[in-house]
Amino acid sequence: MENSLKYMFMGYSVLWLIIFTYVFFIGKRQGDLKKEIDELRRIAEEK
Amino acid sequence: MRKMITNLIGLAAASLIIVALYMAFLYAPTEVTMGHVQRIFYFHVAFAWTSFIAFFVTFAASIAYLVTRKKFWDTVAASSVELGIAFSCIILTTGPIWARPVWGAYWTWDPRLVTTLILLFIYTAYHILRGAITEETKRARYSAVIGIIGFLDVPIVYFSVNWWSRTIHPDVIKPEGAALAPQMLQSLYVALCAVTLFYLYVLLRRIRLEELRDEVSELRKKVLKES
């Protein structure tokens with residue numbers, strides 16, 4: 001049973017690690033693109 | 001408005017995930033032969049089902065793209081594939097971790113496992129192909145074809161436990177009823193709802209990301225044209 005608990009912990013850790021990493025990168029990419037849009041708009045207005 | 005709906009879905013998904021975790025760890029009884037490791041089942045199955053939904057959305061959106069040639073459908077297909085790949089990675093890591101204490105090995109060449117791995121390879125190829133083709137319409141057309149053909153593996157994955165007699169992968173949800181205790185079944189259904197809502201939330205965010213990329217691309221063209 002103790003061994004079983006170890007594998008359960010491992011399983012859930014991997015699951016949430018993949019989820020949080022994926023969601024984090026989506027958020028980061030979204031943030032970077034928004035910054036780039038603001039920058040490009042600023043350049044376009046200056047011209 | 002769309003941002004608010006996305007955030008509401010995200011909030012609902014997060015709340016339901018907390019309930020599903022409570023049910024998986026505290027409400028559902030401990031399985032007699034496998035012990036606590038069986039609790040992986042609730043999210044493992046939920047992610048497996050949702051990966052099928054994700055690939056189905058890609059399949060349907062790919063058909064819609066080929067029929068209408070609207071870019072939106074290509075965006076939906078590509079976004080859903082990425083989620084399907086992420087969810088397939090989850091089931092192909094949680095499954096072996098669960099299998100180790102139960103089967104005595106992380107991996108066996110079981111039909112369900114092999115067909116799921118092939119499914120992951122097909123859609124990873126789809127994803128790589130998208131990165132390799134720069135021309136927008138060509139990329140969308142080729143991706144749509146792979147998105148449709150690739151989906152043929154989904155029913156093979158699902159029915160593999162019935163078609164191949166040498167499988168050791170359990171099939172607890174059968175048409176005649178589930179071979180599970182009522183609390184286990186309830187916990188599974190809640191996990192299914194939670195993960196489906198989570199899929200919807202991330203899909204909406206992923207579509208938004210693709211729209212932002214298009215906006216950047218348009219703005220770059222505009223800036224270059226003016227300079």
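Our subject is the structure that appears above.
A brief report on the enclosed structure follows.

**Considerations on the overall build of chain B**
Then, number 1: Helix and strand counts for chain B come out as 7 helices and 2 strands.
Then, number 2: Each helix (α) and strand (β) of chain B, taken in turn from the N terminus, gives the series α-α-α-α-α-α-β-β-α.
Then, number 3: Judged by the C-alpha coordinates and their principal axes, chain B covers about 70 × 40 × 30 Å.
Then, number 4: Classification of the 227 residues of chain B by burial places 47% in the buried group.
Then, number 5: Carbon together with sulfur atoms contributes 69% to the accessible area of chain B, which is approximately 11300 Å² in total.
Then, number 6: Where the 22 positive side-chain charges of chain B centre and where its 15 negative ones centre are 3 Å apart.

**Quick look at the packing of aromatic side chains**
Then, number 1: Under the counting rule described, the total for this entry stands at 21 aromatic pairs over all chains.
Then, number 2: Judged by centre distance (6.1 Å) and plane angle (75°), the ring pair of W49(B) and F52(B) falls under edge-to-face. Here W49(B) and its partner F52(B) are both found in helix α2 (residues 40-68), 3 residues apart, which amounts to about one turn of the helix.
Then, number 3: Members of the aromatic cluster, each reached through a chain of ring pairs, are Y12(A), W16(A), F20(A), F25(B) and F43(B).

**Some points on the side chain of T116(B)**
All names here are of chain B.
Then, number 1: Locating T116 in the fold gives a position in helix α4 (residues 111-132).
Then, number 2: The exposure class of T116 is buried, given its relative accessible area of 8%.
Then, number 3: Sequence-distant contacts of T116, that is, excluding residues within four places in its chain, are made with I91, L92 and V157.

**Digging into the pattern of salt bridges**
Then, number 1: Under the definition given, this model contains 14 salt bridges over all chains.
Then, number 2: We note a salt bridge from E82(B) to R29(A), for which the minimum N-O separation is 3.4 Å. Taken as a pair, E82(B) in helix α3 (residues 71-103) and R29(A) in helix α1 (residues 2-46) lie in two separate chains rather than in one.
Then, number 3: Between E215(B) and R41(A) there is a salt bridge, and its shortest N-O distance comes to 2.6 Å. Of this pair, E215(B) sits in helix α7 (residues 182-226) while R41(A) sits in helix α1, on two different chains.
Then, number 4: Members of the salt-bridge network, linked through shared partners, are R29(A), E82(B), R206(B), E210(B) and R213(B).

**Comments concerning the nonpolar core**
Then, number 1: Within the largest apolar cluster, 63 residues are counted, with the highest numbers of intra-cluster contacts made by I19(A), Y42(B), F43(B), F47(B), F87(B) and Y123(B).
Then, number 2: Sorting the residues of this core by element identifies α1 of chain A together with α1 (2-27), α2, α3, α4, α6 (153-163) and α7 of chain B as the ones contributing at least two each.
Then, number 3: When residues in this core are grouped by element, the largest group, 14 residues, is from α7(B).
Then, number 4: Residues in contact with F87(B), not counting those within four places in the same chain, are I19(A), F47(B), T50(B), S51(B), F198(B) and Y199(B).
Then, number 5: By size, the runner-up hydrophobic cluster in this structure holds 9 residues, among which are L33(A), A44(A), L212(B) and L219(B).

About the criteria used
- Residues numbered from 1 in each chain as written.
- Chains lettered and ligands numbered in written order.
- Predicted model: local features only at pLDDT ≥ 70, side-chain atom pairs only at ≥ 80, totals over all residues.
- Heavy atoms only, no water.
- Helix = DSSP H or I, 4+ residues; strand = E, 2+ residues; numbered from the N terminus.
- Buried < 20%, exposed > 50% of the residue type's maximum accessible area, 1.4 Å probe, protein only.
- Areas by Shrake-Rupley, 256 points an atom, 1.4 Å probe, with all protein chains shown as cover.
- Lys, Arg positive; Asp, Glu negative; His and termini not counted.
- Charge placed at Lys NZ, Arg CZ, Asp CG, Glu CD.
- Phe/Tyr/Trp six-rings, centres within 6.5 Å; stacked < 30°, edge-to-face > 60°.
- Contact = heavy atoms within 4.5 Å.
- Salt bridge = Lys/Arg side-chain N within 4 Å of Asp/Glu carboxyl O.
- Core = buried A, V, L, I, M, F, W, Y, C linked by side-chain atoms within 4.5 Å.

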